[in-house]
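Overview (structure and organization)
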Amino acid sequence: MKILNAEEGKNLKPVTHGRTTLVSAIVSNLLIGEVLIITRADWKSKNPPYQVVSRVAQKTGRTFEKGRLPDGSGWMVKRLS
């Protein structure tokens, strides 16, 4: 077990039942300029993760740049603001 102080835990969001998935929790915790790479092995759905990222952007008011990787091996999500 590990106890986090208030500064370490202030931006941490748990993965719960419902619409929160591991990807949406990680996207919610991205800092400005950070990039998340999602490989095809990590993403099990037949649809790309764009809808998840758009929902997080709408709920949090943040903006993200999202798209496929040039080699086709997955997707990238970059937090802009």
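The structure under discussion appears in the preceding block.
Quick caveat, the model's predicted, so the values are computed rather than measured.

1. Things to note about the sheet that holds strand 3 (residues 74–79)
Ordered in space as 1-3-2, the three strands form an open sheet in which the pairing is antiparallel. Whereas interior strands pair on both sides, the edge strands pair on one side only; in this sheet they are strand 1 (35–39) and strand 2 (64–68). Across the sheet, the mean angle from the axis of one strand to that of its neighbour is 15 degrees, orientation sign disregarded. Sheet topology note: the strand 2/strand 3 ladder contains five bridges and is antiparallel. In the strand pairing of strand 3, Gly-67 is matched with Met-76.

2. Focus: the nonpolar core
Counting residues in each nonpolar core, the largest one holds 13 residues, and the members touching the most others are Val-23, Val-27, Leu-36, Ile-38, Trp-43, Phe-64 and Val-77. A total of four residues in this core trace back to one element, the largest contributor, which is helix 3 (residues 50–60). Ignoring anything within four residues of it in the chain, the contact list for Trp-43 reads Val-23, Ile-38, Pro-48, Pro-49, Val-52 and Trp-75.

3. Regarding the layout of surface pockets
Estimates place the volume of the largest pocket at around 200 Å³. Lining the largest pocket, in full, are Lys-13, Pro-14, Arg-19, Thr-20, Ser-24, Ala-25, Ser-28, Arg-55, Val-56, Lys-59 and Thr-60. If you list the elements that add at least two residues to the lining of the largest pocket, you get helix 2 (22–28) and helix 3. Its residues placed into classes, the lining of the largest pocket shows three nonpolar, four polar and four charged.

Conventions adopted
- Residues numbered from 1 in each chain as written.
- Predicted model: local features only at pLDDT ≥ 70, side-chain atom pairs only at ≥ 80, totals over all residues.
- Heavy atoms only, no water.
- Pairing = 2+ DSSP bridges.
- Helix = DSSP H or I, 4+ residues; strand = E, 2+ residues; numbered from the N terminus.
- Axes fitted to C-alpha atoms, helices over the stretch in contact; angles between N-to-C directions.
- Core = buried A, V, L, I, M, F, W, Y, C linked by side-chain atoms within 4.5 Å.
- Buried < 20%, exposed > 50% of the residue type's maximum accessible area, 1.4 Å probe, protein only.
- Contact = heavy atoms within 4.5 Å.
- 1 Å grid on protein atoms, 1.4 Å probe; cavity = no way out; pocket = protein on both sides within 12 Å on 5 of 7 lines; lining within 4 Å.
- Points joined across faces, edges and corners; volume = space filled by probe spheres on them.
- Nonpolar A, V, L, I, M, F, W, Y, C, P; charged D, E, K, R; others polar.

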